[in-house]
Amino acid sequence: SDVALGVLPLGTTNNFARALAIPPRPAGALGVLTAGQVVDVDLGQAGDTIFANHANVGLSAQVGARVPARLKRHIGKSAYPLTAVARLAWHRPFRARITAAGAEYEVVTHQLNIVNGRFQAGQPITRDATVDDRLLHVYPLGGHRRRQLLSASLRQALAGHRRATAPPF
């Protein structure tokens, strides 16, 4: 339904605010709100979870749930990869089945990302995805080996993944 919400960039990486081109400082964001700028946003659904920007399955979801708040306050978004490295030794890959456009795909990975927007972990991950393009972009980050996940994560963190909007599914 049509509901207007105001977004303030008060998070660690502010992916959703970035996708909406909201200024990174609260004063600038308040300027957007008081100007009455409205943007349509598609919502995604993965299982029973409804989301606006992204949903993750696997290591990233575990990290997001367990990264210490105190560590985030002190070192910002660097707290996420540090927590991920600490948890990776015990993480096991999983098998995921994705059904899209009448086709079924299967992957074995440590992390599956379902995104509706351009940013994840404060980095642009697509060139042309928008929060209102009526598309979800689903991709595994790395493969079933830990080193594949580390390599893909490092590449995304340093260069931004910048995948095209035509993933394999």
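That block above? That's the structure.
From a predicted model like this one, the values you see are computed outputs, not experimental measurements.

Teacher, can you tell me more about the overall build of the protein here?
Along the backbone of the protein there are 6 helices and 9 strands. Seen through its C-alpha atoms, the protein measures out along the principal axes to roughly 50 × 45 × 30 Å. A buried classification covers 33% of the 169 residues belonging to the protein. A total of about 10300 Å² of accessible surface is found on the protein, and carbon and sulfur atoms cover 54% of it. The centroid of the 20 positive side-chain charges in the protein is displaced by 19 Å from the centroid of its 9 negative side-chain charges.

How should the pattern of salt bridges be read in this particular structure?
Side chains bearing opposite charge may pair, as long as their charged atoms lie close to each other. A full pass over the atoms with the stated rule returns 3 salt bridges. Across the pair glutamate 104 and arginine 97 runs a salt bridge whose closest N-O atoms are separated by 4.0 Å. The burial state of glutamate 104 is the same as that of arginine 97; both residues are exposed. In the salt-bridge network here, residues are joined through shared partners; they are Arg95, Arg97, Glu104 and Glu106.

Explain the layout of surface pockets to me, please; I cannot follow it from the model alone.
It is a probe the size of a water molecule, rolled over the atoms, that shows where empty space is left. Taken as a whole, the largest pocket spans an internal volume of roughly 950 Å³. What lines the largest pocket is a set of 37 residues, and nearest its centre among them are Ser60, Tyr80, Pro81, Gln120 and Ala121. At 6 residues, helix H6 (residues 146-159) tops the list of elements feeding residues into the lining of the largest pocket. Tallied by class, the residues present in the lining of the largest pocket amount to 20 nonpolar, 16 polar and 1 charged. There is about 750 Å³ of room inside the second largest pocket. As for the second largest pocket, its lining consists of 20 residues, and the residues nearest its centre are Val3, Ala4, Leu5, Val39 and Val41. Partitioned by chemical class, the residues of the lining of the second largest pocket number 15 nonpolar, 3 polar and 2 charged.

The rules behind each value
Residues numbered from 1 in each chain as written. Predicted model: local features only at pLDDT ≥ 70, side-chain atom pairs only at ≥ 80, totals over all residues. Heavy atoms only, no water. Helix = DSSP H or I, 4+ residues; strand = E, 2+ residues; numbered from the N terminus. Buried < 20%, exposed > 50% of the residue type's maximum accessible area, 1.4 Å probe, protein only. Areas by Shrake-Rupley, 256 points an atom, 1.4 Å probe, with all protein chains shown as cover. Lys, Arg positive; Asp, Glu negative; His and termini not counted. Charge placed at Lys NZ, Arg CZ, Asp CG, Glu CD. Salt bridge = Lys/Arg side-chain N within 4 Å of Asp/Glu carboxyl O. 1 Å grid on protein atoms, 1.4 Å probe; cavity = no way out; pocket = protein on both sides within 12 Å on 5 of 7 lines; lining within 4 Å. Points joined across faces, edges and corners; volume = space filled by probe spheres on them. Nonpolar A, V, L, I, M, F, W, Y, C, P; charged D, E, K, R; others polar.

Keep in mind these values describe shape, not function.
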